[in-house]
Amino acid sequence: MILYIWRHPKPMNTEGICIGQTDVGVDKRKLKRLANKIERFVRLHQLPKTIWVSPLQRSLKVGQILAQRGFECRVVPELAEIHFGEWDGCRWAQITKQEIDEWCHNFAHFAPSHGESLQQLFERVEGWLVKVSTEQKDSPVLVIGHAGWINAAKIIAADQEVPKTAAEWPRSVAYLSCNRIDI
């Protein structure tokens, strides 16, 4: 299966804030810009007009624009970004040094209170990839996703383990970028 996954547009007013599953807004022009980019890509490559999105509005709203243009929009909770629990929506500066240190020392398995660990994110991503690759077989899958989810999918596709340290975690993919992942 070939997965084409675009990172959502840059959210508004999020500098210095932990925004895993915090549902933040995006400028309407940026939403339309990504929808236009995806629509052109689909037309150029003659791909199916089905888009998979997370329920978070920075992904969902692009899918809704595409649905108005004739796409089938599938909203899937498994595509949401990592859940940072009590950290979600907080300024990074408000999170104690001790908590950050605990995360860095147990990078794969630490979860903020009421959140999920990186290991749990990987299990969620892998579960969805297996399910969709079984359903879609050889048909390309188009997704609007989130940086952590995309990095996890890339690592899984490369048959690598969950990073054990923060230093092993790759840089975030660029906003609006398209990433091809072969599963």
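Residues numbered from 1 in each chain as written. Predicted model: local features only at pLDDT ≥ 70, side-chain atom pairs only at ≥ 80, totals over all residues. Heavy atoms only, no water.

## So, the side chain of Asn-179
Turning to step 1, where the next piece is worked out: With respect to the element layout, Asn-179 can be found in strand E5 (residues 178-182).
Turning to step 2, where the next piece is worked out: With a relative accessible area of 9%, Asn-179 lands in the buried category.
Turning to step 3, where the next piece is worked out: Among the polar contacts made by the side chain of Asn-179, one reaches the side chain of Ser-177 at a distance of 3.4 Å.
Turning to step 4, where the next piece is worked out: Dropping the residues within four chain positions of it, Asn-179 is found in contact with Leu-3, Tyr-4, Ile-5, Ile-150, Lys-154 and Val-173. (Helix = DSSP H or I, 4+ residues; strand = E, 2+ residues; numbered from the N terminus. Buried < 20%, exposed > 50% of the residue type's maximum accessible area, 1.4 Å probe, protein only. Polar contact = N/O pair within 3.5 Å; in protein donor to acceptor, adjacent residues only side chain to side chain. Contact = heavy atoms within 4.5 Å.)

## Points about the packing of helix H1 (residues 28-45) against helix H2 (residues 57-68)
Turning to step 1, where the next piece is worked out: Where H1 contacts H2, the axes come no closer than 9 Å and their chain directions differ by 55°. Relative to H2, the element H1 lies oblique. Taken as a pair, H1 and H2 cross one another with a handedness that is right-handed. Contacts between H1 and H2 involve Leu-31, Lys-32, Leu-34, Ala-35, Ile-38 and Glu-39 from the first element and Arg-58, Lys-61, Val-62, Ile-65 and Leu-66 from the second.
Turning to step 2, where the next piece is worked out: Looking at the contact of H1 with H2, its residues break down into 7 nonpolar, no polar and 4 charged. (Axes fitted to C-alpha atoms, helices over the stretch in contact; angles between N-to-C directions. Parallel < 35°, antiparallel > 145°, perpendicular 65-115°, else oblique. Left-handed = near helix turned anticlockwise from the far one by under 90°. Nonpolar A, V, L, I, M, F, W, Y, C, P; charged D, E, K, R; others polar.)

## Some words on the side chain of Thr-14
Turning to step 1, where the next piece is worked out: Looking at the secondary structure, you find Thr-14 in the loop between strand E1 (2-7) and H1.
Turning to step 2, where the next piece is worked out: Thr-14 sits in the buried class, given a relative accessible area of 12%.
Turning to step 3, where the next piece is worked out: Excluding its chain neighbours within four sequence positions, the residues that come into contact with Thr-14 are Ile-19 and Val-24.

## Thoughts on the sheet that holds strand E2 (residues 50-53)
Turning to step 1, where the next piece is worked out: Pairing within the open sheet is mixed, and its 5 strands lie in the order E3-E2-E4-E1-E5. Both edges of this open sheet fall to strand E3 (72-75) and E5, since each of them pairs with a single strand only. For this sheet the average axis-to-axis angle between neighbouring strands, irrespective of direction, equals 25°.
Turning to step 2, where the next piece is worked out: Two strands pair when backbone bridges link them, and E2 and E3 are joined in this way by 4 bridges, in the parallel orientation. Its bridge partner being in E3, Ile-51 is matched across the sheet by Cys-73.
Turning to step 3, where the next piece is worked out: Strands in contact with H1 are E1, E2 and strand E4 (141-145); relative to E1, the strand with the most contacts, it is inclined by about 160°. (Pairing = 2+ DSSP bridges.)

## Things to note about the environment of His-146
Turning to step 1, where the next piece is worked out: Take His-146: it is sitting in the loop between E4 and helix H5 (147-157).
Turning to step 2, where the next piece is worked out: The spatial distance from the C-alpha of His-146 to the C-alpha of Ile-82 is 8.7 Å, given a sequence separation of 64 residues.
Turning to step 3, where the next piece is worked out: Excluding residues within four positions of it along the chain, His-146 makes contact with His-8, Ser-54, Leu-56, Arg-58, Ser-59, Leu-79, Ala-80 and Glu-81.
Turning to step 4, where the next piece is worked out: Here Arg-58 takes part through its side chain, which lies 3.5 Å from a polar atom of the side chain of His-146.

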